[in-house]
Amino acid sequence: MSALADFLLARIAEDEAIAVQLAELWAKVTDADRATLDPGVREGIDSVFAVADGAPADGVPDRLLAECDAKRRIVAGYRGWEERLSATPGSDPLRRELHAAWAATGDVLRLLALPYAAHSQYREEWRP
């Protein structure tokens, strides 16, 4: 599962870089240029940058960056459970609970990886 965690961290970094680049690109489009776009295109682009807290579309989309941060925290949580599990002796009664938490978080990682299933580095054994 370490490979899955590494895979996810790489995809998260890519997503974050794309969010920043899209925001920079959109900031360069003038209001006049935006007005010439088909309404459906304008709505689609605006929806990419729309955030629940109403942040403007001309900055880095806060929601997209928050999503990247949340995913990183989930991966870090998985690794934390994994470290605690490996440091706990097999005879320790806590080991069973640690294993359950580690396995459940691993299931979450598999779900987080699903949107990247078409990626060349995605492995079918990660599919939930």
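Read on for an overview of the structure. (Residues numbered from 1 in each chain as written. Predicted model: local features only at pLDDT ≥ 70, side-chain atom pairs only at ≥ 80, totals over all residues. Heavy atoms only, no water.)

## Here's the deal with the pattern of salt bridges
Side chains carrying opposite charge are able to pair once their charged atoms draw close together.
And step 1. Scanning the entire structure with this criterion turns up seven salt bridges.
And step 2. Notably, a salt bridge pairs Glu14 with Arg11, separated by 2.9 Å at the nearest N-O pair. Of this pair, Glu14 and Arg11 both sit in helix 1 (residues 2-28), three residues apart, roughly one helical turn.
And step 3. What makes Glu14 partly exposed here is its relative accessible area of 37%.
And step 4. We classify Arg11 as buried; its relative accessible area is 4%.
And step 5. The closest approach of N and O atoms between Arg123 and Glu125, which form a salt bridge, is 3.9 Å.
And step 6. Residue Arg123 is classed as partly exposed on the basis of its relative accessible area, which comes to 39%. (Salt bridge = Lys/Arg side-chain N within 4 Å of Asp/Glu carboxyl O. Helix = DSSP H or I, 4+ residues; strand = E, 2+ residues; numbered from the N terminus. Buried < 20%, exposed > 50% of the residue type's maximum accessible area, 1.4 Å probe, protein only.)

## Details of a nonpolar patch on the surface
And step 1. Together, Ile18, Leu22 and Leu25 give the surface a local cluster of nonpolar side chains, amounting to about 260 Å² of exposed area.
And step 2. Residue classification places Leu25 among the exposed residues on the basis of a relative accessible area of 52%. (Patch = residues over 30% accessible without salt bridge, like charges linked within 9 Å, V, L, I, M, F, W, Y side chains within 5 Å. Areas by Shrake-Rupley, 256 points an atom, 1.4 Å probe, with all protein chains shown as cover.)

## A few points about helix 5 (residues 94-113)
And step 1. The first and last C-alpha atoms of helix 5 sit 29 Å apart over 20 residues, in line with the 28 Å expected at 1.5 Å per residue.
And step 2. Every buried residue of helix 5 is accounted for by Leu98, Ala101, Thr105, Gly106, Leu109, Leu112 and Ala113. Along the long axis of helix 5, the arc covered by the buried residues comes to 140 degrees, so they all point the same way. Structural note: helix 5 exposes Arg96, Glu97 and Leu111 on the side pointing more than 90 degrees away from its buried face.
And step 3. Tucked inside the fold, the buried residues of helix 5 contact helix 1 and helix 4 (62-86). (Expected span 1.5 Å × (residues − 1). Arc of directions from axis to C-beta. Contact = heavy atoms within 4.5 Å.)

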